[in-house]
Amino acid sequence: DTGVSQDPRHKITKRGQNVTFRCDPISEHNRLYWYRQTLGQGPEFLTYFQNEAQLEKSRLLSDRFSAERPKGSFSTLEIQRTEQGDSAMYLCASSSRAGTNTGELFFGEGSRLTVL
Amino acid sequence: AQSVAQPEDQVNVAEGNPLTVKCTYSVSGNPYLFWYVQYPNRGLQFLLKYITGDNLVKGSYGFEAEFNKSQTSFHLKKPSALVSDSALYFCAVRDRDSGGGADGLTFGKGTHLIIQP
(Lines give C-alpha, C1' and ligand atoms only; values in the text may rest on other atoms or scores of the structure.)
Protein backbone atom coordinates (compact mmCIF):
# COMPACT_ATOMS: atom_id res chain seq x y z
CA ASP A 1 0.00 0.00 0.00
CA THR A 2 1.51 3.33 -1.02
CA GLY A 3 -0.92 5.64 0.73
CA VAL A 4 -0.49 7.65 3.91
CA SER A 5 -0.09 5.39 6.92
CA GLN A 6 -0.56 6.27 10.57
CA ASP A 7 0.39 4.41 13.71
CA PRO A 8 -1.08 3.50 16.08
CA ARG A 9 -4.65 3.42 14.84
CA HIS A 10 -6.00 3.51 18.36
CA LYS A 11 -4.47 4.68 21.62
CA ILE A 12 -6.06 4.65 25.06
CA THR A 13 -4.14 6.44 27.77
CA LYS A 14 -4.60 7.88 31.22
CA ARG A 15 -4.73 11.60 31.79
CA GLY A 16 -1.26 13.02 32.32
CA GLN A 17 0.56 10.47 30.18
CA ASN A 18 2.46 11.32 27.02
CA VAL A 19 1.53 9.86 23.65
CA THR A 20 3.21 9.90 20.26
CA PHE A 21 1.69 9.32 16.84
CA ARG A 22 3.60 8.57 13.68
CA CYS A 23 2.73 9.39 10.09
CA ASP A 24 4.37 8.05 6.96
CA PRO A 25 3.32 10.15 3.97
CA ILE A 26 3.26 9.15 0.33
CA SER A 27 6.94 8.92 -0.52
CA GLU A 28 7.16 11.59 -3.20
CA HIS A 29 5.08 14.13 -1.27
CA ASN A 30 7.04 16.96 0.28
CA ARG A 31 4.21 18.50 2.32
CA LEU A 32 2.72 16.90 5.40
CA TYR A 33 -0.21 18.08 7.49
CA TRP A 34 -1.69 17.21 10.85
CA TYR A 35 -5.38 17.72 11.55
CA ARG A 36 -7.58 16.93 14.53
CA GLN A 37 -11.14 15.70 14.21
CA THR A 38 -13.57 15.47 17.11
CA LEU A 39 -16.98 13.84 17.04
CA GLY A 40 -19.45 15.82 15.00
CA GLN A 41 -16.85 18.22 13.69
CA GLY A 42 -14.82 18.52 10.55
CA PRO A 43 -11.04 18.19 10.61
CA GLU A 44 -9.24 21.17 12.19
CA PHE A 45 -5.83 22.20 10.93
CA LEU A 46 -2.98 21.80 13.43
CA THR A 47 0.29 22.19 11.57
CA TYR A 48 2.13 21.49 8.35
CA PHE A 49 5.63 20.79 7.10
CA GLN A 50 7.35 21.38 3.82
CA ASN A 51 10.13 18.83 3.80
CA GLU A 52 11.61 19.05 7.31
CA ALA A 53 10.55 22.64 7.97
CA GLN A 54 7.47 23.29 10.10
CA LEU A 55 5.94 26.27 8.31
CA GLU A 56 2.70 26.89 10.14
CA LYS A 57 1.13 26.07 13.49
CA SER A 58 -2.49 26.59 14.43
CA ARG A 59 -3.49 28.26 17.69
CA LEU A 60 -5.04 24.87 18.50
CA LEU A 61 -1.52 23.49 18.90
CA SER A 62 -0.85 24.24 22.55
CA ASP A 63 2.62 24.00 24.05
CA ARG A 64 1.85 20.43 25.13
CA PHE A 65 1.84 19.47 21.45
CA SER A 66 4.96 19.09 19.38
CA ALA A 67 5.41 17.84 15.85
CA GLU A 68 8.58 16.93 14.03
CA ARG A 69 9.61 15.75 10.62
CA PRO A 70 13.34 15.28 11.12
CA LYS A 71 14.38 14.00 7.72
CA GLY A 72 11.55 15.32 5.64
CA SER A 73 9.94 11.91 5.43
CA PHE A 74 7.88 10.54 8.34
CA SER A 75 6.47 12.82 11.02
CA THR A 76 5.63 12.43 14.70
CA LEU A 77 3.05 14.26 16.77
CA GLU A 78 3.63 14.13 20.51
CA ILE A 79 1.14 15.19 23.15
CA GLN A 80 2.55 15.68 26.63
CA ARG A 81 0.52 15.54 29.84
CA THR A 82 -2.61 14.47 28.01
CA GLU A 83 -5.99 15.87 29.01
CA GLN A 84 -9.44 14.46 28.40
CA GLY A 85 -10.05 17.24 25.92
CA ASP A 86 -7.28 15.84 23.75
CA SER A 87 -9.46 12.83 22.91
CA ALA A 88 -9.94 12.99 19.16
CA MET A 89 -8.95 11.47 15.86
CA TYR A 90 -5.58 12.79 14.69
CA LEU A 91 -5.35 12.82 10.93
CA CYS A 92 -2.24 13.09 8.82
CA ALA A 93 -2.28 14.15 5.19
CA SER A 94 0.32 14.71 2.53
CA SER A 95 0.52 16.40 -0.82
CA SER A 96 2.94 17.18 -3.57
CA ARG A 97 3.85 20.76 -4.27
CA ALA A 98 1.36 20.93 -7.12
CA GLY A 99 -1.35 19.32 -5.09
CA THR A 100 -0.86 21.71 -2.24
CA ASN A 101 -1.76 24.77 -4.25
CA THR A 102 -5.03 23.21 -5.24
CA GLY A 103 -5.76 21.47 -1.97
CA GLU A 104 -5.77 17.86 -3.02
CA LEU A 105 -4.61 16.27 0.18
CA PHE A 106 -4.19 12.54 0.69
CA PHE A 107 -5.28 11.50 4.17
CA GLY A 108 -4.31 8.57 6.32
CA GLU A 109 -6.91 6.62 8.25
CA GLY A 110 -6.15 8.48 11.44
CA SER A 111 -5.01 7.72 14.97
CA ARG A 112 -7.81 7.75 17.51
CA LEU A 113 -6.82 8.93 20.97
CA THR A 114 -8.93 8.27 24.04
CA VAL A 115 -7.79 9.91 27.28
CA LEU A 116 -9.36 8.42 30.40
CA ALA B 1 -10.75 34.25 8.44
CA GLN B 2 -12.32 31.58 6.30
CA SER B 3 -15.24 29.35 7.21
CA VAL B 4 -17.54 26.72 5.79
CA ALA B 5 -21.14 25.95 6.67
CA GLN B 6 -22.89 22.69 5.96
CA PRO B 7 -26.42 23.41 7.14
CA GLU B 8 -27.65 19.81 7.14
CA ASP B 9 -26.32 17.24 9.59
CA GLN B 10 -28.00 14.48 7.60
CA VAL B 11 -29.51 14.06 4.17
CA ASN B 12 -31.73 11.10 3.32
CA VAL B 13 -32.32 10.12 -0.29
CA ALA B 14 -33.90 7.11 -1.92
CA GLU B 15 -31.66 5.10 -4.21
CA GLY B 16 -31.94 6.27 -7.80
CA ASN B 17 -33.07 9.77 -6.86
CA PRO B 18 -30.93 12.87 -7.32
CA LEU B 19 -29.04 14.11 -4.28
CA THR B 20 -27.77 17.48 -3.14
CA VAL B 21 -25.51 18.20 -0.18
CA LYS B 22 -25.30 21.90 0.62
CA CYS B 23 -22.24 24.00 1.36
CA THR B 24 -21.70 27.72 1.77
CA TYR B 25 -18.40 29.40 2.43
CA SER B 26 -16.83 32.63 3.56
CA VAL B 27 -13.38 33.88 2.57
CA SER B 28 -11.91 37.34 2.34
CA GLY B 29 -10.44 36.68 -1.09
CA ASN B 30 -11.20 34.20 -3.84
CA PRO B 31 -11.83 30.60 -2.89
CA TYR B 32 -10.48 27.22 -3.70
CA LEU B 33 -13.33 24.82 -2.87
CA PHE B 34 -13.29 21.08 -2.27
CA TRP B 35 -15.42 18.11 -1.38
CA TYR B 36 -14.05 15.14 0.55
CA VAL B 37 -15.83 11.93 1.55
CA GLN B 38 -15.20 9.83 4.65
CA TYR B 39 -16.35 6.23 4.95
CA PRO B 40 -16.56 4.58 8.39
CA ASN B 41 -13.15 3.97 9.92
CA ARG B 42 -11.43 5.37 6.87
CA GLY B 43 -9.51 8.52 6.08
CA LEU B 44 -10.89 11.35 3.99
CA GLN B 45 -10.89 10.87 0.24
CA PHE B 46 -10.76 13.72 -2.25
CA LEU B 47 -13.84 13.95 -4.49
CA LEU B 48 -13.56 17.14 -6.49
CA LYS B 49 -12.36 20.72 -6.46
CA TYR B 50 -13.10 24.13 -7.91
CA ILE B 51 -10.08 26.25 -8.71
CA THR B 52 -11.10 28.50 -11.57
CA GLY B 53 -12.98 28.37 -14.85
CA ASP B 54 -16.18 26.42 -15.40
CA ASN B 55 -18.53 26.74 -12.44
CA LEU B 56 -19.68 23.12 -12.80
CA VAL B 57 -17.02 20.73 -11.62
CA LYS B 58 -17.13 16.98 -12.15
CA GLY B 59 -15.42 14.57 -9.80
CA SER B 60 -15.14 10.97 -8.74
CA TYR B 61 -17.97 8.44 -8.55
CA GLY B 62 -20.33 10.55 -10.69
CA PHE B 63 -20.43 13.49 -8.29
CA GLU B 64 -20.41 17.09 -9.41
CA ALA B 65 -20.57 20.46 -7.71
CA GLU B 66 -21.57 23.93 -8.83
CA PHE B 67 -19.71 27.03 -7.74
CA ASN B 68 -22.01 30.02 -7.27
CA LYS B 69 -20.06 33.14 -6.41
CA SER B 70 -23.05 35.38 -5.76
CA GLN B 71 -24.52 32.90 -3.28
CA THR B 72 -21.10 31.82 -1.96
CA SER B 73 -22.17 28.23 -2.37
CA PHE B 74 -20.63 25.01 -3.61
CA HIS B 75 -23.33 22.35 -3.41
CA LEU B 76 -22.49 18.71 -4.13
CA LYS B 77 -24.81 16.86 -6.48
CA LYS B 78 -25.35 13.52 -8.13
CA PRO B 79 -28.11 12.70 -10.61
CA SER B 80 -28.82 9.19 -9.33
CA ALA B 81 -27.85 8.09 -5.83
CA LEU B 82 -26.42 4.68 -4.97
CA VAL B 83 -26.57 2.93 -1.60
CA SER B 84 -22.77 2.86 -1.70
CA ASP B 85 -22.74 6.68 -1.68
CA SER B 86 -23.77 6.59 1.99
CA ALA B 87 -20.95 8.28 3.88
CA LEU B 88 -19.89 11.49 5.62
CA TYR B 89 -19.22 14.38 3.24
CA PHE B 90 -17.07 17.40 4.00
CA CYS B 91 -16.87 20.68 2.15
CA ALA B 92 -13.62 22.62 2.51
CA VAL B 93 -12.29 26.02 1.49
CA ARG B 94 -8.96 27.71 1.12
CA ASP B 95 -8.48 31.38 0.41
CA ARG B 96 -6.31 31.45 -2.71
CA ASP B 97 -5.29 35.02 -1.91
CA SER B 98 -4.16 34.29 1.65
CA GLY B 99 -0.51 34.17 0.61
CA GLY B 100 1.92 33.31 3.36
CA GLY B 101 -0.77 31.85 5.54
CA ALA B 102 -1.39 28.24 6.29
CA ASP B 103 -1.91 25.93 3.40
CA GLY B 104 -4.36 24.09 5.56
CA LEU B 105 -7.93 23.75 4.45
CA THR B 106 -10.89 24.82 6.57
CA PHE B 107 -13.53 22.11 6.69
CA GLY B 108 -17.23 22.19 7.42
CA LYS B 109 -18.74 19.97 10.12
CA GLY B 110 -19.78 17.35 7.62
CA THR B 111 -23.09 15.99 6.34
CA HIS B 112 -24.14 12.39 6.74
CA LEU B 113 -25.57 11.17 3.46
CA ILE B 114 -27.86 8.17 3.80
CA ILE B 115 -29.10 6.46 0.67
CA GLN B 116 -32.06 4.20 1.31
CA PRO B 117 -32.59 1.13 -0.89
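See the structure shown above.
As a starting point, this report considers the structure included with it. Note that the structure is a prediction, hence the values are computed from the model and not measured. (Residues numbered from 1 in each chain as written. Chains lettered and ligands numbered in written order. Predicted model: local features only at pLDDT ≥ 70, side-chain atom pairs only at ≥ 80, totals over all residues. Heavy atoms only, no water.)

The number of helices and strands found in chain B is zero helices and twelve strands. When the elements of chain B are put in sequence order from the N terminus, they spell out β-β-β-β-β-β-β-β-β-β-β-β. By the compact-globule yardstick of 13 Å for 117 residues, chain B fits well, its C-alpha radius of gyration being 14 Å. Expressed along its principal axes, the backbone C-alpha trace of chain B runs to roughly 45 × 30 × 20 Å. When each of the 117 residues of chain B is scored for burial, the buried share is 45%. Here the analysis covers contacts within chain B between residues at least 6 apart in sequence; of these, 60% occur between residues at least 24 apart. When the accessible area of chain B is evaluated, it comes to approximately 5,400 Å², of which 47% is carbon and sulfur surface. Averaging the locations of the 10 positively and 10 negatively charged side chains of chain B gives two centres separated by 2 Å. (Helix = DSSP H or I, 4+ residues; strand = E, 2+ residues; numbered from the N terminus. Rg over C-alpha atoms; globule rule 2.2 N^0.38 Å. Buried < 20%, exposed > 50% of the residue type's maximum accessible area, 1.4 Å probe, protein only. Contact = heavy atoms within 4.5 Å. Areas by Shrake-Rupley, 256 points an atom, 1.4 Å probe, with all protein chains shown as cover. Lys, Arg positive; Asp, Glu negative; His and termini not counted. Charge placed at Lys NZ, Arg CZ, Asp CG, Glu CD.)

Once that is clear, we can look at the layout of surface pockets. Estimated volume of the second largest pocket: approximately 590 Å³. Taken together, 27 residues make up the lining of the second largest pocket; nearest its centre are Gln37, Leu39 and Arg112 of chain A together with Gln38 and Leu88 of chain B. Among the secondary structure elements, those contributing two or more residues to the lining of the second largest pocket are β9 (88-95) and β11 (111-115) of chain A together with β10 (87-95) of chain B. Split into classes, the residues belonging to the lining of the second largest pocket amount to nine nonpolar, twelve polar and six charged. (1 Å grid on protein atoms, 1.4 Å probe; cavity = no way out; pocket = protein on both sides within 12 Å on 5 of 7 lines; lining within 4 Å. Points joined across faces, edges and corners; volume = space filled by probe spheres on them. Nonpolar A, V, L, I, M, F, W, Y, C, P; charged D, E, K, R; others polar.)

With 22 residues of chain B in contact, the opposing surface of chain A contributes 22 residues. With both chains or domains summed, chain B and chain A bury close to 1,700 Å², and 51% of this area falls on carbon and sulfur atoms. At the junction of chain B and chain A, the tally comes to one salt bridge. The partner of Glu109 of chain A in a salt bridge is Arg42 of chain B, and the shortest N-O contact between them spans 2.9 Å. Elements that contribute at least two residues to the side of chain B that touches chain A include exactly β5 (31-38), β6 (44-50) and β10 of chain B. Broken down by element, the residue count for the side of chain B that touches chain A peaks at four residues, all from β5 of chain B. (Buried area = accessible area lost by both parts, 1.4 Å probe. Salt bridge = Lys/Arg side-chain N within 4 Å of Asp/Glu carboxyl O.)

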